[in-house]
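# Overview (structure and organization)
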Amino acid sequence: MPRSIPTLCGSIMGTPFSFNVKVHNAAYRALGLDYTFVCFGVEDVPGAIQAIRTLGIRGMNVSMPHKQAVIPHLDALDDTARAIGAVNTINHVDGRLTGYNTDCIGAVRAIEEATRLDGQRIALLGAGGAARAIAYGARQAGAQVTVFNRTAARGEQLARDFGLRFGGALSDFEASAFDGVVNATAAGFRAPDVNPIAGRLAPHLFVMDAAFIPVRSRLIRDAADLGCRTIDGTRMMLHQFCGQIELYTGQPAPLDAMAAALLDEIARQS
Ligand SMILES: NC(=O)c1ccc[n+]([C@@H]2O[C@H](COP(=O)([O-])OP(=O)(O)OC[C@H]3O[C@@H](n4cnc5c(N)ncnc54)[C@H](OP(=O)(O)O)[C@@H]3O)[C@@H](O)[C@H]2O)c1
């Protein structure tokens, strides 16, 4: 397998963004590893995958819009990525490219920082890529997941794919039927005044928002004001980065150094 000095990791996506770069490089520094991480904005997915092989790139994160398109070009998929149908991480070992989905691991670890998942009744808002990863992870961890989505057909499809219940539109959500609510809609992302279920929270709920800008979304602030346990989107993002660091380095991820780098970068961009 080709090798570089330093060891190169990176990400491919439509338009490059900096969070991957800042957090991964902070992790490598904290671990004392001679690794460097670069973000590539690319359109040519087969060409980018061939570059991983040709240049010996050790690990490649995959972001929108390439999470499905990379799949036919890989040598193997882990079970979670196969079930979700999306890859956000390519681990390159001995010339073999294996696709993983650490969004799923990230969501489960983030929720489990605040509460157990087994037996919990969770309302999942949204039916896009993030919702799909969260739905699969929460179900595997033993939660009873009900999907709510603005577009019914998409919500019903997600529920069917994973054997979940479809609860209807976001306006059909009733707090009394659930132990927790996870927002995986894009409502609230870079929209600090938007809470997609405003006025319908209750203090017994745990509340997670996948949206990570602002760090404390309107949903999270409203939930905290009521006394709910809250989990912001940076925790999901950090834990999915941790899954990648563990795959690319074989070492436990330095969570605190990574969290500081992520929060610094969000503050810099805000
Ligand atoms: N923290 C993390 O690690 C992490 C990782 C990935 C994504 N995210 C965040 O998760 C969110 C969803 O991302 P995604 O990749 O799943 O996007 P996506 O595939 O485009 O799905 C978007 C979802 O949001 C819904 N939606 C969009 N605007 C809405 C609105 N104004 N009101 C109600 N529903 C709305 C869509 O409903 P329809 O089906 O009706 O269009 C769909 O369910 C984003 O905020 C993203 O930043 C966070």
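A quick note: this is a predicted structure, and the numbers were derived from the prediction, not measured. (Residues numbered from 1 in each chain as written. Predicted model: local features only at pLDDT ≥ 70, side-chain atom pairs only at ≥ 80, totals over all residues.)

A few words on the sheet that holds strand β11 (residues 206–209). Strands sit in the order β9-β8-β7-β10-β11-β12 across an open sheet of 6 strands; the sheet is parallel. A strand with exactly one partner marks an edge of an open sheet, and here the two such strands are β9 (165–168) and β12 (229–231). Strand-to-strand twist of the sheet, defined as the mean angle between neighbouring strand axes without regard to direction, takes the value 20°. Two strands pair when backbone bridges link them, and strand β10 (residues 180–183) and β11 are joined in this way by 4 bridges, in the parallel orientation. The partner of Asn 183 across the bridge, within β11, is Asp 209. (Pairing = 2+ DSSP bridges. Helix = DSSP H or I, 4+ residues; strand = E, 2+ residues; numbered from the N terminus. Axes fitted to C-alpha atoms, helices over the stretch in contact; angles between N-to-C directions.)

Bringing the site of the ligand into the picture now. If you check the shell around the ligand, you find 26 residues, and the closest are Gly 128, Ala 130, Arg 150, Thr 151 and Phe 189. Where the shell around the ligand is concerned, the elements lending two or more residues are α4 (102–114), α5 (129–140) and α8 (233–249). For the shell around the ligand, a count of residues per class yields 14 nonpolar, 9 polar and 3 charged. Taken domain by domain, the makeup of the shell around the ligand includes at least three residues from each of domain 1 (7–100 + 235–269) and domain 2 (106–231). (Near = placed C-beta within 6 Å. Nonpolar A, V, L, I, M, F, W, Y, C, P; charged D, E, K, R; others polar. Domains from an automatic or database assignment.)

Of the strand pairs in this sheet, β11 and β12 are connected by 3 bridges, and their pairing is parallel. The partner of Phe 206 across the bridge, within β12, is Arg 229. Running through helix α7 (residues 218–226), the crossover from β11 to the neighbouring parallel element β12 is right-handed. (Right-handed = clockwise from strand over helix to strand, strands pointing away.)

To continue, consider the domain arrangement of the chain. The domains assigned to the chain are domain 1 (7–100 + 235–269) and domain 2 (106–231). Centre-to-centre separation of domain 1 and domain 2, based on C-alpha positions: 25 Å. Taken together, the contact between domain 1 and domain 2 spans 13 residues of the former and 14 residues of the latter. The dominant element in the side of domain 1 that touches domain 2, judged by the number of residues it contributes, is α8, at 6 residues. The residue inventory of the side of domain 1 that touches domain 2, partitioned by class, reads 7 nonpolar, 4 polar and 2 charged. (Contact = placed C-beta atoms within 7 Å.)

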